[in-house]
Amino acid sequence: MAFYYNEPSRTFSEYLLIPGYTSEECTPANVSLKTPLVKFRKGEESEISLNIPFVSAIMQSVSNDTMAIALAKEGGLSFIYGAQSIEDEAAMVARVKSYKAGFVTSASNVRPDDTLADILALKEKNGFSTVAVTEDGTEHGRLLGIVSSRDYRVSRMEAATPVRDFMTPLAKLVTAPEGTSLKEANDIIWDHKLNSLPIVDGEGRLMSFVFRKDYAEHKANPNELLDAKKRYLVGAGINTRDYERRVPALIDAGVDVLCVDSSDGFTHRQKKTIGFIREKYGDTVKVGGGNVVDRDGFLFLAEAGADFVKVGIGGGSICITRETKGIGRGQASALIDVVAARDEYFEKTGVYIPVCSDGGLVYDYHMTLALAMGADFLMMGRYFARFDESPTQKLMINGTFVKEYWGEGSNRVRNWQRYDLGGQGRLSFEEGVDSYVTYAGPLHDNVEMSIYKIKSTMCNCGVTNLADLKKNAKLTLVSSVSIVEGGSHDVILKNK
């Protein structure tokens, strides 16, 4: 006879936190959201920790190198999507690892025989007012000059005017040699009253720019997630098919942590993939597994050697696995079950394996609920897809700015490796949709607000760190009537 759970499958919206005693020390400024990313033994610390409990989903429409850099600045981590060639994914990882805070690779470049029209087109495309003039028009070509908005007047010049006729030539520029530190570069900028400082190598090739406007930004990012060499941390998704070639390439590119990207992690293929990494690299390469929704799934991946376990099937906003296959579980129920298994495993073995809650987060308060229920960090797709830094287009639909957002199991991606159960190498039916999400602006502003909400709620609960939140949180189920009561009601809203 089939096994039946006594409790219904529940979501985060069916729970609320009960306030605890808020002491004088419980202020948002005193709250730490530092959390472990990979497993560790009792009495030790995780080799990799996040400064905020956010990671971006392994999705084409979410996590590229631009997103990875932006999120690392805030203290979180991106997992670069694996639904691309091995070479392209490795190149994205390499770009994140080679990015130096404050040293910006030139995104707008022209040759001296290009025209004012080309300058204006680049400015329209990229939004940057500083354009490098290099011998071959590439980002690392030999520097010949710079064009800024001070170098031309559109109303007084012909669009066909060659760049060489109005650029500021190299002879009039202040530059700095490769190897200049960020502090030294900023000192040069302030001493010479510059807006930008080109960094060039010994052969005169442009390496990067340092901008005056970025100085305040770097001071404003105290939570940056950096490795021992002061480079941003970045993760990457792998599948259970080409891992023998993909994993070495990603490691060579400098990846910090891997994650097996699969809709169902309770499989022999996942065990085989993690086993390959353990046999070839031991514990030096960190790899997470998933997704699972119960105790048995967690214990399977723990024994397989996973460094963290991802929880959730069918709860994502673009996922239709539950509709098409009848497989999954309410995210709150799945998380509670897996967290209990994690704690049991820790008591038995002395090994703590972090749990990632993936999907089912509709509102910001759901984040705090997931953390209170025991999640160590949260993987989000829709949340990050709304921001400037996501790799999709910003469009105007019915008078509203939106960004495109699609699932890995949609016909647009057809990432069959994520749903692979062996057999035919193709996606037989959709398990995701192609959609839009409302555009929300820059990542920094939105993450800052979400983090403040989490910290504020933690103060209401009387805790200033995530370990105490997990231990001391009090949660209650809510009825459908109390959910209505919890919102505005019996009034006429002025902004409707």
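Higher on the page you've got the structure.
Residues numbered from 1 in each chain as written. Predicted model: local features only at pLDDT ≥ 70, side-chain atom pairs only at ≥ 80, totals over all residues. Heavy atoms only, no water.

K.L.:
Give a description of a nonpolar patch on the surface that names residues and reports values.
P.N.:
Taken together, the side chains of Leu16, Val362, Tyr363 and Tyr365 define a hydrophobic patch exposed on the protein surface, amounting to about 390 Å² of accessible area. What makes Leu16 partly exposed here is its relative accessible area of 41%. (Patch = residues over 30% accessible without salt bridge, like charges linked within 9 Å, V, L, I, M, F, W, Y side chains within 5 Å. Areas by Shrake-Rupley, 256 points an atom, 1.4 Å probe, with all protein chains shown as cover. Salt bridge = Lys/Arg side-chain N within 4 Å of Asp/Glu carboxyl O. Buried < 20%, exposed > 50% of the residue type's maximum accessible area, 1.4 Å probe, protein only.)

K.L.:
Talk me through the packing of aromatic side chains; I want residue IDs and the actual numbers.
P.N.:
Summed over the entire model, instances satisfying the criterion amount to 18 aromatic pairs. Seen in terms of ring centroids, Tyr363 and Tyr365 are 5.9 Å apart; in terms of plane orientation they differ by 5 degrees. Their pairing is stacked. Residue class for Tyr365 comes out partly exposed when judged on its relative accessible area of 36%. Members of the aromatic cluster, joined through ring pairs, are Phe54, Tyr383, Phe384 and Phe387. The ring of Trp190 is capped by Arg212, whose NZ or CZ atom sits 4.3 Å from the centre of that ring. Sitting above the plane of the Tyr439 ring, Lys394 keeps its charged end 4.4 Å from the centroid. (Phe/Tyr/Trp six-rings, centres within 6.5 Å; stacked < 30°, edge-to-face > 60°. Lys NZ or Arg CZ within 6 Å of the ring centre and 35° of its normal.)

K.L.:
Account for the environment of Asn495, with residues named and values stated.
P.N.:
On the secondary structure map, Asn495 appears in the segment after helix H15 (480-485). Judged by relative accessible area, which is 66%, Asn495 ranks as exposed. It is 57 Å that separates the C-alpha atoms of Asn495 and Phe276, two residues lying 219 residues apart in sequence. (Helix = DSSP H or I, 4+ residues; strand = E, 2+ residues; numbered from the N terminus.)

K.L.:
Explain the pairing of strand S8 (residues 131-134) residue by residue, including any values.
P.N.:
Going residue by residue along S8, you find Val131 and Val133 tucked away on one face and Ala132 and Thr134 tucked away on the opposite face as well. The sheet contact formed by strand S7 (residues 109-110) and S8 spans two bridges and is parallel. If you follow Val110 over to S8, its bridge partner there is Val133. Both S8 and strand S9 (residues 143-147) contribute to a ladder of four bridges, which runs antiparallel. Paired with Ala132 across the strands is Ile146, a residue of S9. (Pairing = 2+ DSSP bridges.)

K.L.:
Could you give an account of the side chain of Asp294, with specific residues and numbers?
P.N.:
Structurally, Asp294 is set in the loop between strand S16 (287-292) and helix H8 (295-304). For the buried residue Asp294, which engages in no salt bridge, the nearest side chain bearing the opposite charge is Arg329, 5.7 Å off. At 2.9 Å, the side chain of Asp294 and the backbone nitrogen of Gly297 are in polar contact. Apart from the residues within four sequence positions on either side, Asp294 is in contact with Tyr5, Arg329, Asp337 and Val338. (Lys, Arg positive; Asp, Glu negative; His and termini not counted. Polar contact = N/O pair within 3.5 Å; in protein donor to acceptor, adjacent residues only side chain to side chain. Contact = heavy atoms within 4.5 Å.)

K.L.:
So what about the sheet that holds strand S22 (residues 400-406)? Which residues, and what values?
P.N.:
The three strands are arranged S21-S22-S23 in an open sheet whose pairing can be described as antiparallel. Strands with a single pairing partner mark the edges of an open sheet, and in this sheet they are strand S21 (394-397) and strand S23 (434-438). Pairwise comparison of adjacent strand axes, ignoring direction, gives a mean angle of 50 degrees for this sheet. Two strands pair when backbone bridges link them, and S22 and S23 are joined in this way by five bridges, in the antiparallel orientation. Across the sheet, the residue bridging to Glu404 is Tyr436, located in S23. (Axes fitted to C-alpha atoms, helices over the stretch in contact; angles between N-to-C directions.)

All quantities given are derived from atomic positions and should not be read as evidence of function.
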